[in-house]
Amino acid sequence: MNVLKFGGTSVANADNIKLVCQIVANKSRNEKIAVVVSAFSGVTDLLLSAAKKAASKDESYKEIVAEIEKKHLNAIKDLLPIQSQSALLSHAKRIVNLLETLLDGCFLLGELSPRTADTIIGFGELLSSCIVAETIKQTVAKSEYKDSRELIRTDDKFGKATVDFGRTNILIKAFFDASDAEVTILPGFIGSTENGDNTTLGRGGSDYTAAILASGLNSEKVEIWTDVNGMFTANPKIVKQAQPIESISYQEAMELSHFGAKVLYPPTIQPALDKNIPIFIKNTFDPESFGTLISSKPDKSQNPIKGISHIENISLVTLEGSGMIGVAGSSKRLFEVLSDNAINVIFITQASSEHSICIGIVDSESEKARKAIDKMFEVEISQHKIDPCSVENGLCIVALVGESMKNHQGLSGKMFSTLGKNNVNIRAIAQGASERNISVVINQKDVNKALNSLHERFFEDDVKQLNLFVMGVGNVGEKFLDQMRQQQKFLRENLRINARVVALSNSRKMHFDESGIDLETWKSSLENSESADKNQFIQKVKNLNLRNSIFVDITANHEVAATYGDYLQDNIAVVTCNKIACSSEYQNYRQLKNISRKYNAPFLFETNVGAGLPIIDTLKHMVASGDKVHKIQAVLSGSLNFIFNNFDEHSSFHDVVKEAGVQGFTEPDPKIDLSGVDVARKILILIRESGYEMEMSDIENKSFLPKECLETATVPEFFTSLLTHAKHFDELYEQAKSKEARLKYVAQFENGKASVGLQFIEKNHPFYNLEGKDNIVLFFTDRYVDQPLLIKGAGAGAAVTASGIFADVIRVGNN
C-alpha cells in the first residue's frame, strides 16, 4: 500500500480537486492507496488569524469564519451533483459551527491557549478531507474516510507535538489490516493525545502525516503532490534558471528543506529514512513529469552541489569577551538559556580562540534572546569580562547543499569568491564536519544577487548573466541595442554570456523590466514608461541589486558622468563612451579608477578615444607588461578627418561640416569637435592611461577656428560664423595644396608636454593617406623605438562606436 499526500494548492479549489481525484482514480487501479489531504490553500492562515482576532476581542473573526464557510460550501456545490450535496453540506456546516463556538469562547475569555489553538487550526484539514473524500467516492466506489486523530498518537506539546511511533504504528496497522477499501482519505497535520486532546504536527505537517502512515504500513513509497515539478536547485521564484532535481539523498533533502526549501516539511524525511521508503515529489498539475526522488540510492550526477537554499529574516546574536576564553561552561550556559526560552538556534559558529560565539535565530526572537542572554551573563558583563550581547537584524542564511561536497576540493573558495565578486559581504560562516553543507550569513538585501550568482556558478554551465542599465538611446544607443539584439544568441552559445537590458533611459523617459526588456519593442516600451530622473534611475538600479550589473552611459552629459562613483561603489560596472569623467580633474579620474579596483567593479571606456578601435585596451596591455610610453602622435577625431578629407575647392567648409553632422560623425554641437576640445580630451586620456599625471589645462590647444567662431553661443550661430569666415578656411586649404600636403588635426605628447592642432602633413608621413573618418595612433615606447606601434581604423560613426561599447560589455562578461 502506498501513500499520496496532496498539498494546499492541489486542493485549493474545485478544479484542482478534480485533478486530484483523477490522479487518485488512476493510482487506485493498480494498488491500494492512502490519501492525505492538506487544508485548502490559505485556510490555515485564515484560521490562525481568526483565533488571534477573537482572543484580542476583535469581532472581525466572524467575517473570517464566514469566508472559510463560503469557500468550502462553494467547493461542495461545484464538485458534487445536487442530489449528493445535502449530507456533505450539513456535515461541513456542523464543523464550521463547532469552529465558531470555539472562537466565541476565545472572544469571551480574551485568550488563546496552545491547546485551543491546535484544535482551531486543524479545522482546515477536517473540512478539506471530508470534501475530497466525498468527491473521490463518485469515481472510486471502494473508498472510505478516516480521521487521522484516531491513528496518530502524540504528546501534549501543542503546536508541534511529538509522535509516539510505537502506539501510532499499532493503530495504523490494526486499522488498515481490517479495511478493504481501495482508497482511504485522511486529513493531514492533526493527531491527538491519549486523552483525546487535538494536536498538530507543525506547519507543513501534512507531509509528515503521509510519512508517518507510510512508516506504519511499510509502504513501498510516499508521493508528495504539490504545485511544482519536485525540489529545485534554488527557489524558482527568485532564481528563474532553477532546475528540478531528479534524484537526491535523504540527508541532502533534509538539509535543503531545513534551509527553506518549502516543498517538503523537514520532519517528513526521518520516518521514511528509518524504513528506507523512497519519497517522490510530484506535480499535481503536471502528473507525467518525473519530479524528484528522495532515497538512499547514490546519485550519478557529476555536480557535487545538489541545491542552494536560504532562510530569510535571520538575526545574528554574538556573545564575546575575554571572560569566555578557557572558561568551561560558557557555551552550555548560552544554549541552556536559549532552550529555556524556547528559542530555536538555526546557525552556530565559534572562533577557535573561544573569544566569541555567534548564533543565528529568527528576527522575531532576537530581542527576547538578547534580554535572556544579558541576564544570564549579567555578572560577567558588569565585570567587563563579557560584552553585552549584540544583535544584528535583517540578515539571511544561504547554504550550498550536497552529499558529495566532501570529496571535492575548492567548493568553499568558489562560493566565497563568487559572492565577493558580486560585492556580497559575508557576516558569518559555518560548515559541519560532514561537509554536507556550507552556510553563510549575508545581508538580506543581497539574497537575490547571492542566490542567482551562486546558481550561475554551480548549475548553469558557466553561463554568465549580464544585466545592463543603458542611459542614452540616440544614434549610438540605438545601434548598440540593435547589435545586442542581433548577437544575443551568439553570445549565449559561443561566449556563455546571457546579456539582458534591464533598464533604458533617454532625457525624457526611463523604463525598467527586471525580466529583461524586449529589444524588438524597446522604443514603445520606453515611450510609454515613466518620466526620466537620474537620481531615481540610480536608486532603482541599486534597489534591484542584480548580479553582474553594468551601467552603460551613451550620453555626453556632465551630470551623468558625475554619477559613475555611485555605481562603482555598489559593485556596478560602468561602460561609457562619455569622455567627460576620464578627462575631468586628474584627482577625479584617479578616484574612479581606485573605486573600481576597491569594489571589483570594471570601469571601461574604450570608446572614449577611438570609437571601436582597441586603442586603450592595447595601451593597457603594453603598460601592464612593463613597457613605457615616451611619445604619442595621433589623429583622434574621425569627424575632423572626415571634414578635412572632404573639404576642397568644390565644397565649402560649412557644407562639409553640415554633412559630417548628418552622417553622425560629429557631436550635436560640432564646435566641440572643431574647437579641438574633443581631441584634447582623447589625448589626455591616453596620456593618463600611459601612467602620466596631466590636467586638461596642461594641453596646448592650437585652434584653427577664428575667435568669432569659438565665441558663438548656439549651433546656428556657429554655422553662420563658418559662412562668414569661409575665406579663412579656403586659405588653409590652398596653403596645404601649395605644399603638396594634407590638413590633419593632430594630437601629440612628448617629453611631458601635449598639444592639439591643425598640421600640414607631407606625403611621406603615415598620416598622409588617412582616409574618410579613420583614426590613427602611433605609440613610441621602450620596445617600439624605431617603428612605432600603429593602430588605425574607423574612428567615428554610430555603428563603430556602438561596437566599441559592445566590446567593453563583453570584456566585463569575460572578467
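Because the structure is predicted, anything quoted here is derived from the model rather than measured.

Turning next to the sheet that holds strand β20 (residues 530–531). Ordered by their spatial adjacency, 7 strands build an open sheet running β20-β19-β18-β17-β21-β22-β23, and the pairing between neighbours is mixed. Looking at strand neighbours, the two that pair on one side only are β20 and β23 (603–604), the edges of this open sheet. Sheet analysis places strand β21 (residues 549–553) next to strand β22 (residues 573–576), joined by 4 bridges and oriented parallel. Paired with Val552 across the bridge in β22 is Val575. Docked against the sheet, helix α16 (residues 475–495) engages β17 (464–471), β18 (497–505) and β21, running at close to 155° with respect to β18. Strands β17, β18, β19 (509–512), β20 and β21 of the sheet are contacted by helix α18 (residues 534–544), whose axis makes an angle of about 5° with β19.

In this structure, Gln465 sits in strand β17. A polar side-chain atom of Gln465 sits 3.4 Å from a polar atom in the side chain of Asn498. Dropping the residues within four chain positions of it, Gln465 is found in contact with Gln241, Glu456, Asn498, Arg500, Arg547 and Asn548.

Another aspect to go through is the layout of surface pockets. In this structure, the second largest pocket spans a volume of roughly 1200 Å³. If you go around the second largest pocket, you meet 49 residues; those closest to its centre are Ile554, Thr555, Ala556, Glu667 and Pro668. Among the elements of the structure, α16, α18, α19 (558–561), α24 (638–646), α25 (653–662), α26 (671–674), α27 (677–689) and α31 (798–813) are those that each provide at least two residues to the lining of the second largest pocket. Counting residues per element, the lining of the second largest pocket draws most heavily on α27, at 3 residues. Partitioning the lining of the second largest pocket into residue classes produces 19 nonpolar, 20 polar and 10 charged.

Right, let's talk about empty space enclosed by the protein for a bit. The final tally for this structure, using the stated rule, is 2 cavities of 30 Å³ or more. As a volume, the largest cavity reaches approximately 40 Å³. Lys449, Val541, Lys542, Asn545, Leu546, Ser549, Asp570 and Ile572 together form the lining of the largest cavity. Of the residues that constitute the lining of the largest cavity, the class distribution is 3 nonpolar, 2 polar and 3 charged. When its volume is computed, the second largest cavity comes out at roughly 30 Å³. The wall of the second largest cavity is formed by Gln241, Glu456, Glu460, Val463, Lys464, Gln465, Arg492 and Asn498. Considered class by class, the residues forming the lining of the second largest cavity number 1 nonpolar, 3 polar and 4 charged.

Grouped together as the largest cluster of nonpolar side chains are 80 residues, with contacts concentrated most on Phe469, Phe537, Phe551, Phe653, Leu686, Phe704 and Phe779. The dominant element in this core, judged by the number of residues it contributes, is α27, at 7 residues. In this view, Phe551 contacts Phe469, Met471, Phe537, Val560, Thr563, Tyr564, Tyr567, Ile572, Ala573, Val574 and Val575; residues no more than four positions away in its chain are not counted. Listed in part, the 55 residues of the second largest apolar core include Ile23, Tyr61, Leu73 and Ala133.

Right, let's talk about α27 for a bit. For α27, spanning 13 residues, the distance from its first C-alpha to its last is 18 Å, which sits close to the expected 18 Å at 1.5 Å a residue. The element α27 is largely enclosed, with a buried count of 12 among its 13 residues. Among all positions of α27, only Asp678, Val679, Ala680, Arg681, Lys682, Ile683, Leu684, Ile685, Leu686, Ile687, Arg688 and Glu689 are buried. Gly691, located one to two residues past α27, shows a positive phi value of around 105°.

Turning our attention to the state of the cysteines. Enumeration according to the criterion identifies 0 disulfides in this entry. With no disulfide partner, Cys130 has as its closest neighbouring cysteine sulfur the one in Cys21, 13 Å distant. The thiol sulfur of Cys358 is not disulfide-bonded, and the nearest other cysteine sulfur, from Cys389, lies at 9.7 Å.

Rules of the game
Residues numbered from 1 in each chain as written. Predicted model: local features only at pLDDT ≥ 70, side-chain atom pairs only at ≥ 80, totals over all residues. Heavy atoms only, no water. Pairing = 2+ DSSP bridges. Helix = DSSP H or I, 4+ residues; strand = E, 2+ residues; numbered from the N terminus. Contact = heavy atoms within 4.5 Å. Axes fitted to C-alpha atoms, helices over the stretch in contact; angles between N-to-C directions. Polar contact = N/O pair within 3.5 Å; in protein donor to acceptor, adjacent residues only side chain to side chain. 1 Å grid on protein atoms, 1.4 Å probe; cavity = no way out; pocket = protein on both sides within 12 Å on 5 of 7 lines; lining within 4 Å. Points joined across faces, edges and corners; volume = space filled by probe spheres on them. Nonpolar A, V, L, I, M, F, W, Y, C, P; charged D, E, K, R; others polar. Core = buried A, V, L, I, M, F, W, Y, C linked by side-chain atoms within 4.5 Å. Buried < 20%, exposed > 50% of the residue type's maximum accessible area, 1.4 Å probe, protein only. Expected span 1.5 Å × (residues − 1). Disulfide = S-S within 2.5 Å.

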